[in-house]
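# Observations on the three-dimensional arrangement
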Protein chains: 4
Amino acid sequence: MECSIETIAEVGYAQTSLGQIAKRANISKVVISYRFTNKKEIFAQIPIEYYKAWQSFITPQLEAQKRNASGVFLTFIAENRKHVFAVIETISNQRGADGKLLLASEHDETSLLPIENILTLGIKEGLLHEFNRSSARVMALTIRNAIDGFTIELMRQPHLDIKEFTRGLVIIFDASTKSNCH
Amino acid sequence: MECSIETIAEVGYAQTSLGQIAKRANISKVVISYRFTNKKEIFAQIPIEYYKAWQSFITPQLEAQKRNASGVFLTFIAENRKHVFAVIETISNQRGADGKLLLASEHDETSLLPIENILTLGIKEGLLHEFNRSSARVMALTIRNAIDGFTIELMRQPHLDIKEFTRGLVIIFDASTKSNCH
Amino acid sequence: MECSIETIAEVGYAQTSLGQIAKRANISKVVISYRFTNKKEIFAQIPIEYYKAWQSFITPQLEAQKRNASGVFLTFIAENRKHVFAVIETISNQRGADGKLLLASEHDETSLLPIENILTLGIKEGLLHEFNRSSARVMALTIRNAIDGFTIELMRQPHLDIKEFTRGLVIIFDASTKSNCH
Amino acid sequence: MECSIETIAEVGYAQTSLGQIAKRANISKVVISYRFTNKKEIFAQIPIEYYKAWQSFITPQLEAQKRNASGVFLTFIAENRKHVFAVIETISNQRGADGKLLLASEHDETSLLPIENILTLGIKEGLLHEFNRSSARVMALTIRNAIDGFTIELMRQPHLDIKEFTRGLVIIFDASTKSNCH
DNA sequence: AATGAATGAGCATTCATTCAT
DNA sequence: AATGAATGAATGCTCATTCAT
């Protein structure tokens, strides 16, 4: 799995073959077919492992410091950039026989809904200004796209000043969400 | 080219083969090899055509109504969603033999720099609050990611309420950029 | 197709791979995939070509000499032994994903029904003794099995005395079918 | 062995893999490789076990009721249809590296010679009309093919009326062999 | 005695590309 | 200008077998 993630992160989803992964893992190609029933299964495993890691990192962190969700997200990404990037690659490229994206809606549930929930909670507590249901979703999407974009930027520019970047994102979304600004 | 775009839009970059494109175009597969030296060349052409279309649409529009850049961008996308989506797919998947993304930095120049320039101009004119150079780039990236995310969302949900979505994005970035909010 | 037939005849259905056929045909393996959509399609073609050849050989012969159907059948087989054997191999080995024989019932229609029809006609004309419907089928099956067995024997022993063998079969089935014997 | 037989009977020789057998037997695949030196050895065992069962069933039966050999054969088959079918599949598909059928002549010795012997005996005793050596073999082959065909038909149509079918076969071969008919 | 792990060989198939026409 | 034919390379995958435990 680790090598799968690294391979995807390095050469991209489309170029990731069992052979590539095997070469990186220094094992025979068939070992992978032996452990997984499908190539699809390997790719499916990548988001699943990510969700687990995400869950076990995020939940306690968010409870500890309720006010800084963005910081928590971005810290996790910075520390797991390859895995997160592999997930993004997989999510946005894995398609069924009919050409439809297979994992997109599942990914929404795990990465979009939580953001929407945080926004909703913030509104209830009066910390965020009122969104209507539609604009809350747009806000959540925008935040997720910013986070994913952060991941991609991090992969392209490994020496990115993470703190600086994070601060930038926080300022942007604070301004957009804080109630005193409207 | 048209068929390439439609194929990418429908089945994604990774599943787009010369055969797929040829079948859609109702021509022989080799005709494509005949017109283009490479598969890479076809895909490279997609962003190029897009930039041209973008240029000839955007420039006059921006000059006509200086204050509503976001609206101009999103209108263009809504009307060229397949092409824009194909560009995003191509940009984020086309890689060289070394695994590096081939078109990403070129794409930045055409899609990121213009946004940065608009922001810089806004600051000069006092319409936007001061960004430092770093946060201006973060802002530009975030805006572009939001725009690209809009495209993707548009492809996944063809009946998306475009006006509503657009208004949501405008509000978000107005709040983040307008000087009176900090 | 010719090489497919020869390969099946020589190494059997189970050992016949595209590579084997290609080697025999002295062409690249992919040429076959290029001409046929499927491996299944090649195998499907073998009985089809056989039925055509059978039809164009049998029909005129049977009309010319109505009384000697067995002779007509066995002559055809002796002259097309490889093809007939390949058909038998294919018929009795080609199976679907569920494990069911795919071509057996289709083969019955082309090879069993005609025999049943000849028997029925013989009964009508008083040349053959009365079979009930069930025993007519058993008779037809037995004749077909004898004919197929002739093919297999012919492949195993290329120098088989065909005339002698044919005469033997004719005697057996004459005795079983002629009305004066019951 | 039992599972091998069932697997062959169900999916055919060509589709029978060690994995398939192991799955049916609920054991690890390598257990088979552990007990048998070869895949070939397993398949070779199937006819051997069959011959044993055949021997211990047929010999006493034939001695008890000398006149009804066909009935004895067909009864045995009806009661061991899966095994007999597996033998037929194995005999007609198992091939050596040179492509030659490995078990065919061995099978002839056990299944063809006995029939020839019965015919010869019948002739001696004046019960059957005179065959020359060649036609006796043809007769024996035809009977065996009829018997094998009965097995195959039994597998394809599990609700076959066995008695009816048996009676049909007996009539056919009685007419062909009884001396009073020529 | 039994088995999980591993592997080389072979399979059908897809693909971008070359070539001759 | 256009195309059918052909092909090497690579892909995901199955399989019988070996090995270490």
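Residues numbered from 1 in each chain as written. Chains lettered and ligands numbered in written order. Predicted model: local features only at pLDDT ≥ 70, side-chain atom pairs only at ≥ 80, totals over all residues. Heavy atoms only, no water.

## Here's the deal with the relation of the copies chain C and chain D
- When chain C is brought onto chain D, the operation consists of a screw motion whose angular component is 179° and whose axial shift is 0.1 Å, with 0.3 Å RMSD remaining. This pairing of chains is accounted for by a two-fold axis.
- Comparing interface residues between copies, 98% of those in chain C also sit at the interface in chain D, which points to an isologous, same-surface contact. (Least-squares fit on C-alpha atoms with pLDDT ≥ 70 in both. Contact = heavy atoms within 4.5 Å.)

## With respect to the relation of the copies chain B and chain A
- For the pair chain B and chain A, the relating rotation is 179°, the translation along its axis is 0.0 Å, and the fit reaches an RMSD of 0.3 Å.
- Mapped onto chain A, 100% of the interface residues of chain B are again interface residues, and the two copies thus contact each other with one and the same surface.

## Regarding the interface of chain C and chain D
- Listed by partner, the interface residues are 40 residues for chain C and 39 residues for chain D.
- For the pair chain C and chain D, the summed buried surface comes to about 3,000 Å²; carbon and sulfur atoms form 59% of the total.
- On the chain C side of the interface with chain D, the three residues burying the most area are R95, R156 and I172 of chain C, jointly 19% of the side's total.
- Counting every contact that joins chain C to chain D gives 6 salt bridges. (Buried area = accessible area lost by both parts, 1.4 Å probe. Salt bridge = Lys/Arg side-chain N within 4 Å of Asp/Glu carboxyl O.)

## Structural notes on the protein's contact with DNA strand F
- The immediate surroundings of DNA strand F are formed by 25 residues, with K39 of chain A, R35 of chain B, Y34 and R35 of chain C together with K39 of chain D found nearest.
- The contact atoms of DNA strand F, taken as those within 4 Å of the protein, divide so that sugar and phosphate hold 56%.
- Within the contact set of DNA strand F, a phosphate oxygen lies 3.0 Å away from a side-chain nitrogen or oxygen of S17 of chain A.
- L18 of chain A has a polar backbone atom sitting 2.9 Å from a phosphate oxygen of DNA strand F.
- Residues that form the surface near DNA strand F fall into these classes: 10 nonpolar, 9 polar and 6 charged. (Near = heavy atom within 4 Å. Polar contact = N/O pair within 3.5 Å; in protein donor to acceptor, adjacent residues only side chain to side chain. Nonpolar A, V, L, I, M, F, W, Y, C, P; charged D, E, K, R; others polar.)

## Section: the interface of chain B and chain A
- Contacts between the two partners involve 39 residues from chain B, matched on the other side by 40 residues from chain A.
- Taken together, the two surfaces of chain B and chain A that pack against each other cover about 3,000 Å², and 59% of this comes from carbon and sulfur.
- Sorting the residues of chain B by area buried against chain A places R95, R156 and I172 of chain B first, and these three jointly supply 19% of that buried surface.
- There are 6 salt bridges connecting chain B and chain A.
- In this structure, the salt-bridge partner of R156 of chain A is D108 of chain B, at a minimum N-O distance of 3.0 Å.
- The tally of links from chain B across to chain A stands at 10 residue pairs in polar contact (both at pLDDT 80 or more).
- Where the side of chain B that touches chain A is concerned, the elements lending two or more residues are α1 (2-11), α6 (81-93), α7 (104-111), α9 (133-156) and α10 (162-177) of chain B. (Helix = DSSP H or I, 4+ residues; strand = E, 2+ residues; numbered from the N terminus.)

Everything listed here is a matter of coordinates, which is why it stays silent on function.
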